[in-house]
Each structure stands twice: as C-alpha cells, then as structure tokens.
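# Overview (structure and organization)
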Amino acid sequence: MSHTSEEMMAVAAARRLTDDNVCFVGIGLPSLAANLARHTHAPGCVLVYESGTIGAKPDRLPLSIGDGELAETADAVVSVPEMFGYWLQGGRIDVGFLGAAQIDRHGNLNSTVIGDYERPKVRLPGGGGAPEIATSVENVFVMLRHSRRAFVRELDFRTSVGDNVRVVVTDLGVLEPRDGELTLLAVHPGVTVDDVVAATGWDLRVADDVHETPPPSEDELAALRALETKGSGAWQ
C-alpha cells in the first residue's frame, strides 16, 4: 500500500512511543504520531496538550490545542501555569515533540528568526513552550522536513537547546545523536544516503549500519488515515 512522506514520518515517530510514555503533544504531525501510537500499539500512552488537557483521548485529530474534544476526553484539565509548572517542569512528562525552522548538528533548534535578530528576514512564531519542553523532558522527539534551509551549519538564533534530543524524524530518514552529533541511522523507502547528505547543510555523520525504515503496515495506514479523515486533514 503506497504512502506519503508525511505518513512515513508519523509512523516512524509513533513506533517509538510506548504504553509507559507521558507525551507532550503539539498540533500537526506530532499529534498525528502520538494519536496513531495510542490507537495501535501503545493505548496506554498518556497525551498532554499545551492547553492543559492531561490524558486526552481524541477519536479524531484535534483542530487546535483548544479543540473541545481534548477537554471532553481528558482525565483532567488543569491551568496552563499548572501544566507547565507541575507537570512539565516537575518532570512528570518524559517525551516532548518539537518542530523548528532550523536545526544544527547538535540538535539545537531555531523557531525565532531567520537572519539577524534585530533585522530578520523572517520573524517566526517564537519559542512558546519549546525551551521549557527541551529542558524539562528526558526525551525530545523532533519532526521536520529535511532540507539545507532547515538543517544548517549554524543557527540564526538558538531558541531551544538540543541536549535532550533523542531522535529527529524527517521526510527522508531518522537521525539520532552519537557523541553529541546527529547521525543518520535510517533512510525511508525510496531515499538514499546521498539524498539525505545532499539535503543537509553540514557534513552529515552517517552510521556504518544505516538501514531502511520499514514501510507503514496496512494496519498502521488504516489507523492513521482514519484519524486524518475524522480530523479533515487538519494536521497538514
């Protein structure tokens, strides 16, 4: 069964979640990946959204962090200060998803500006809760499209540190830190190592045993597309 690059990303990230994870989820591909895990192999995974919903169990992809279904299906709804201060900074969430406009070889992220900070070419949305997530969870999962504009030798601005980045899932493959530097471990079906190296703005370290990501199974695609259909493609 054929699949899109976005579906491959969601499946690759979902496979890393387990029943034991408490996961801080954002809207978009992270939400798709986390809900896919919960609807397939990790039904006990606890989803926490930035709006303060703890243990949300949506049957469709939420339109935003303020989607009513998150509150209706949650085990608890707390204030945003409590969610950040007690749950996140208190170490009660072990996985956090982040995206960014730029990433460097050490997993540091930029979601603030492109260009000089005082006179930027592009003013991005900013850090939001990303810096707290990056330093408060043990396992940061990064999801972003792989290009030389995103994978840069030097960030224009460091919004979040990469100390806790455990995996970077892109539309081309999967990278993990090795000795403090992101290393290519897997390429997705139809992608070569040379493709990933060419799309990276630094001399990418490549593992000796690079393998191909197993393609999505029929069950994974069926569950994923059911979420997409119910959510009207809101993650794209």
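Structural data are supplied above this passage.
### Some words on the overall build of the protein chain
- Counting its regular elements, the protein chain contains 7 helices and 14 strands.
- Its C-alpha atoms give the protein chain a radius of gyration of 17 Å, near enough to 18 Å, the size a compact globule of 236 residues would have.
- By principal-axis analysis of the C-alpha atoms, the protein chain measures approximately 45 × 45 × 30 Å.
- Across the 236 residues that make up the protein chain, the buried fraction comes to 52%.
- In the protein chain, the share of contacts with a sequence separation of at least 24, taken over all contacts with a separation of at least 6, comes to 64%.
- For the protein chain, the accessible surface area stands at approximately 10700 Å², while carbon and sulfur atoms represent 48% of it.
- Each charge class in the protein chain can be summarised by its mean position, and for the 20 positive and 34 negative side chains these summaries are 5 Å apart.

### Overview of a negative patch on the surface
- On the surface, Asp116, Glu118, Glu154 and Asp156 cluster together into a patch of negative charge.
- Checked against the element boundaries, Asp156 lands in the loop between strand S10 (139-143) and strand S11 (165-169).
- Take Asp156: its relative accessible area is 34%, and that puts it in the partly exposed class.

### Section: the pattern of salt bridges
- Applying the stated criterion to the full structure yields 11 salt bridges.
- For the salt bridge of Glu6 with Arg145, the shortest nitrogen-to-oxygen distance reads 2.1 Å. Taken together, the residues span a long stretch of sequence, with Glu6 in helix H1 (residues 5-14) and Arg145 in the loop between S10 and S11 at a distance of 139 residues.
- Judged by relative accessible area, which is 42%, Arg145 ranks as partly exposed.

Criteria and thresholds
Residues numbered from 1 in each chain as written. Predicted model: local features only at pLDDT ≥ 70, side-chain atom pairs only at ≥ 80, totals over all residues. Heavy atoms only, no water. Helix = DSSP H or I, 4+ residues; strand = E, 2+ residues; numbered from the N terminus. Rg over C-alpha atoms; globule rule 2.2 N^0.38 Å. Buried < 20%, exposed > 50% of the residue type's maximum accessible area, 1.4 Å probe, protein only. Contact = heavy atoms within 4.5 Å. Areas by Shrake-Rupley, 256 points an atom, 1.4 Å probe, with all protein chains shown as cover. Lys, Arg positive; Asp, Glu negative; His and termini not counted. Charge placed at Lys NZ, Arg CZ, Asp CG, Glu CD. Patch = residues over 30% accessible without salt bridge, like charges linked within 9 Å, V, L, I, M, F, W, Y side chains within 5 Å. Salt bridge = Lys/Arg side-chain N within 4 Å of Asp/Glu carboxyl O.

Remember, this is a structural readout, not a statement about activity or role.
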